[in-house]
Every structure is written in C-alpha cells, then in structure tokens.
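# Coordinate inspection notes
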Amino acid sequence: MTSRTPASKPTDGRTACGLSAKQAAFCREYLVDLNGTQAAIRAGYSEKTARSQAGRLLTKVDIEEEIARLVESAPPPEASPAARPGREETRDFAGKLLAGWMAGAGIET
C-alpha cells in the first residue's frame, strides 16, 4: 500500500481553500474594515500596488467565496463580550442621556 497525501492538504504552498497564503491573509484582513487597499497592505502586498492588487483580488471568484465563507463562519457581533459595553459604561451613558433630556426639557438638577 502506498502512502498518499490527503486531498485536503495542499502541497504547493496553497491553503486548503486553494488560495496562496497571501491571498488568504487578504481575505481575513478585508473583513477588518472592508477596505481593499488597506487589506492588501496588511496582507503583505506592496503599498505602491495595493490598490490595483485589491481590485484584482476582489474580482476573483475564489477570493469572493473565501470571504463569504469567513463571514458565514464568524460569530455574530452580539456574541462577543468585548463588543458589549460594561456596566459602568452603560450607567455613564444612561446618566448623560438623562441629563441631556432633563436640560432640554428645562428641568434643573
């Protein structure tokens, strides 16, 4: 019996989804701020060519599919405890909101 390389394991420096490491990094970075130029720079593309590289990458079907896969596999924003304000922040915001309402209504504190 001969040993085989699993089909899911790339052998030419590509990721399991068929993208180069730099392309996969671009996909992840694009989701940070949806800015193609900045995503290309953060992924390791030259600053001089980042804009054109981003435009070229975003037209590729495999890039589009990987971005869609990453979006679908990401947890919803409300599931992240870091995204929610803490008790003190909520209390401070409510206090400022109430003070603003009271000032607008002519109520002195």
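Residue numbers here run from 1 along each chain, matching the order of that chain's written sequence. pLDDT decides what is reported in this predicted model: residues at 70 or higher carry local features, side-chain atom pairs at 80 or more are listed and counted, and totals for whole chains, interfaces and linings draw on all residues regardless. To obtain the side-chain values, all non-hydrogen atoms of the structure were used and water was disregarded.

In this section: the pattern of salt bridges. We define a salt bridge as a side-chain nitrogen of Lys or Arg found within 4 Å of a carboxyl oxygen belonging to Asp or Glu. If you walk through the whole model with that rule in mind, you get 3 salt bridges. We note a salt bridge from Arg-42 to Glu-29, for which the minimum N-O separation is 2.7 Å. Taken as a pair, Arg-42 in helix H2 (residues 36-43) and Glu-29 in helix H1 (residues 21-33) lie far apart in primary sequence, 13 residues in all. A relative accessible area of 24% means that Glu-29 is categorised as partly exposed. Arg-69 serves as the salt-bridge partner of Glu-66, at 2.8 Å between the closest nitrogen and oxygen. You can see Glu-66 and its partner Arg-69 sitting in helix H4 (residues 61-73), 3 residues apart, about one turn around the helix. The exposure class of Arg-69 is partly exposed, given its relative accessible area of 44%. Overlapping salt bridges bring together Glu-29, Asp-33 and Arg-42 as one network. A helix here means a DSSP run of H or I that spans at least four residues, while a strand means a run of E at least two residues long, and both kinds are numbered starting from the N terminus. Here the term buried applies to any residue with accessible area under 20% of the maximum for its type, exposed to any over 50%, and partly exposed to those in between, with areas from a 1.4 Å probe on protein chains only.

A few words now on a nonpolar patch on the surface. Patch membership requires more than 30% relative accessible area and the absence of a salt bridge. Residues of like charge join within 9 Å; the nonpolar side chains Val, Leu, Ile, Met, Phe, Trp and Tyr join within 5 Å. Calculation of accessible area relied on Shrake-Rupley with a 1.4 Å probe; when residues are assessed, cover is drawn exclusively from the protein chains displayed. On the surface, Leu-31, Leu-34 and Val-71 cluster together into a nonpolar patch covering about 260 Å² of accessible area. Summarising the element assignment, Leu-34 is placed in the loop between H1 and H2. Owing to a relative accessible area of 57%, Leu-34 belongs among the exposed residues under this scheme.

So, about the packing of aromatic side chains. To describe a pair of aromatic rings, one takes the distance between the centres and the angle between the planes. For this analysis, a ring pair means two rings from Phe, Tyr or Trp (six-membered ring only for Trp) whose centres lie within 6.5 Å, classed as stacked if their planes differ by under 30 degrees, edge-to-face if by over 60, and tilted for the remaining angles. Summed over all chains, the structure comprises 1 aromatic pair. Here, a charge over a ring is recorded when the distance from Lys NZ or Arg CZ to the ring centre is within 6 Å and its angle to the ring normal is within 35 degrees. If you follow Lys-22 out to its NZ or CZ, it ends over the ring of Tyr-45, 4.9 Å from the centre.

Here we come to the environment of Ala-39. Inspection of the secondary structure assignment puts Ala-39 in helix H2. Classification of Ala-39 by relative accessible area gives buried; the value is 0%. Sequence-wise, Ala-39 and Phe-26 are 13 residues apart; in three dimensions their C-alpha atoms are separated by 5.6 Å. Ignoring anything within four residues of it in the chain, the contact list for Ala-39 reads Phe-26, Glu-29 and Tyr-30. Contacts are assigned to residue pairs with any non-hydrogen atoms lying within 4.5 Å of each other.

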